[in-house]
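# Observations on the model geometry
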Amino acid sequence: MHKEASTQQARLGGLLFLACTAVGWGLNWPAMKIILRDWPPLFARGLSGIVATIILFAIAAASHERSAVPRKAWGPLLLASFTNVFAWMGFTTISMTTLSISEAALLVYTMPIWATLLAWPVLGARPKPRDVAGLILGFVGLFILFSDHPLGLASDKIVGIVLALGAAILFALGSLLNARFVPIAPISFVAWQVGLGSLPMVALGLAFEHPDMGALKIDSGLMLAYMTLVPMGTCYLTWFATIRRLPATTAAVGMLSVPVIGILAGALFLGDGIGWREICAIVLTLAGVTLALSKPKPVIEQGV
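Criteria and cut-off values
Just so you know, the residues in each chain are numbered from 1, in the order the chain's sequence is written. Predicted model: local features are reported for residues with pLDDT of at least 70 only, side-chain atom pairs are reported and counted for 80 or more only, and whole-chain, interface and lining totals are derived from all residues. In computing side-chain properties, one takes all heavy atoms of the structure into account and sets aside hydrogens as well as water. The helix count covers DSSP runs of H or I at least four residues long, the strand count covers runs of E at least two residues long, and both are numbered beginning at the N terminus. Burial classes follow relative accessibility: with a 1.4 Å probe on protein chains only, a residue under 20% of its type's maximum area counts as buried, one over 50% as exposed, and anything between as partly exposed. Residue contacts follow a heavy-atom distance rule, with two residues in contact if any of their heavy atoms lie within 4.5 Å. Method for areas: the Shrake-Rupley scheme with a 1.4 Å probe, in which residue coverage is limited to the protein chains shown. Site definitions follow a grid-based scheme: protein atoms alone, a 1 Å grid, a 1.4 Å probe that fits but cannot get out for cavities, and for pockets an open set with protein on both sides within 12 Å along at least five of seven lines, plus lining residues having an atom within 4 Å of a point. Grid points are joined across faces, edges and corners, and a volume is the space filled by probe spheres set on the points. Classification convention: Asp, Glu, Lys, Arg as charged; Ala, Val, Leu, Ile, Met, Phe, Trp, Tyr, Cys, Pro as nonpolar; all other residues, Gly among them, as polar. Each salt bridge in this description consists of a side-chain nitrogen of Lys or Arg and a carboxyl oxygen of Asp or Glu lying within 4 Å of one another.

Once that is clear, we can look at the overall build of the chain. In terms of helices and strands, the chain carries twelve helices and zero strands. Beginning at the N terminus, the succession of helices and strands in the chain can be written as α-α-α-α-α-α-α-α-α-α-α-α. Taken over 304 residues, the chain has a buried fraction of 48%. Considering only contacts within the chain whose residues lie at least 6 apart along the sequence, 89% involve residues at least 24 apart. For the chain, the accessible area works out to roughly 14,500 Å², and carbon and sulfur atoms hold 71% of it.

Rendered as structure tokens:
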């Protein structure tokens, strides 16, 4: 009884962390669109990550966590930094230079498919029928949502397409590996990942994007602060807390709500229109998320 209550409590906590992650990352789509008016994407992402790293290490110190990295953990930590920060945030941002936000979001949020497929060989977690059904519903919704933005194979888009798909696959792999490998205290582990993943973004941004430091306006500055504190800081903490409490496929399917939240936020804050495609996508995607997150009722044997 105690074990069952503990499992239910962990699941509830995982669902709450998942909701925080989805909302925070969903709102970042319109926030990033505002930032891009004044600053180049890679530098903006990297700089917000560096500031978030400082904050995360301060939180870890206040929590009396040890931030030292054991020698044997450096390899896995660097791999996690590459897949979960540099690839997920960096590749996605670079892809937005040749793809529209809708095209990039469609490709990036194929991540749950890759997580579901990779969970079987990596974790031995065979997808359940409701996981597959949830994925189908969710991706039908996303297909409808972006059906008026067909992906062209023009030469200037090929690199963006490859980078967006690469971000999805690598983030799915990194999340699965981190679900079973936590060599460092949780907050310090996230801080190291964000910092190590963001440093190359800043370096590449300074080298190739040549940002105008004085170009940032009040609205884009506020959005940069939001991206620093929430998507690059808090949401990484809540995401890794999620995958320690929920099955990898469940967490991944739950993230299908992120582009839906982004669409609604874009309509609310940027005046983007919502038509029948958006309404159908919201209904289907949320139905898929609900199905994947639903806990099947236990089978009660006769005579017990």
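Let us now look at the environment of D272. Looking at the secondary structure, you find D272 in the loop between α11 (257-270) and α12 (276-293). On the basis of relative accessible area, D272 is assigned to the partly exposed category, the value being 35%. Sequence-distant contacts of D272, defined by excluding residues within four places in its chain, comprise K33, G266 and A267.

Attention now goes to empty space enclosed by the protein. A probe as big as a water molecule, rolled over the atoms, marks out the empty space that is left. Summed over the entire model, instances satisfying the criterion amount to three cavities of 30 Å³ or more. There is about 120 Å³ of room inside the largest cavity. Counting only elements with at least two residues in the lining of the largest cavity, the list comes to α1 (2-35) and α3 (74-95). For the lining of the largest cavity, the element with the most residues is α1, which contributes four residues. In terms of residue class, the lining of the largest cavity is built from seven nonpolar, two polar and one charged. If you add up the space inside the second largest cavity, you get close to 50 Å³. Forming the boundary of the second largest cavity are M111, A115, A172, S175, L176, W239, I243, A248, A251 and A252.

What follows concerns the pattern of salt bridges. Applying the stated criterion to the full structure yields two salt bridges. Residues R37 and D219 are paired through a salt bridge, measuring 3.5 Å at the closest nitrogen-oxygen approach. Of this pair, R37 sits in the loop between α1 and α2 (41-62) while D219 sits in helix α9 (residues 218-243), and the two are 182 residues apart along the sequence.

Geometric descriptors of this kind do not, in isolation, establish any biological role.
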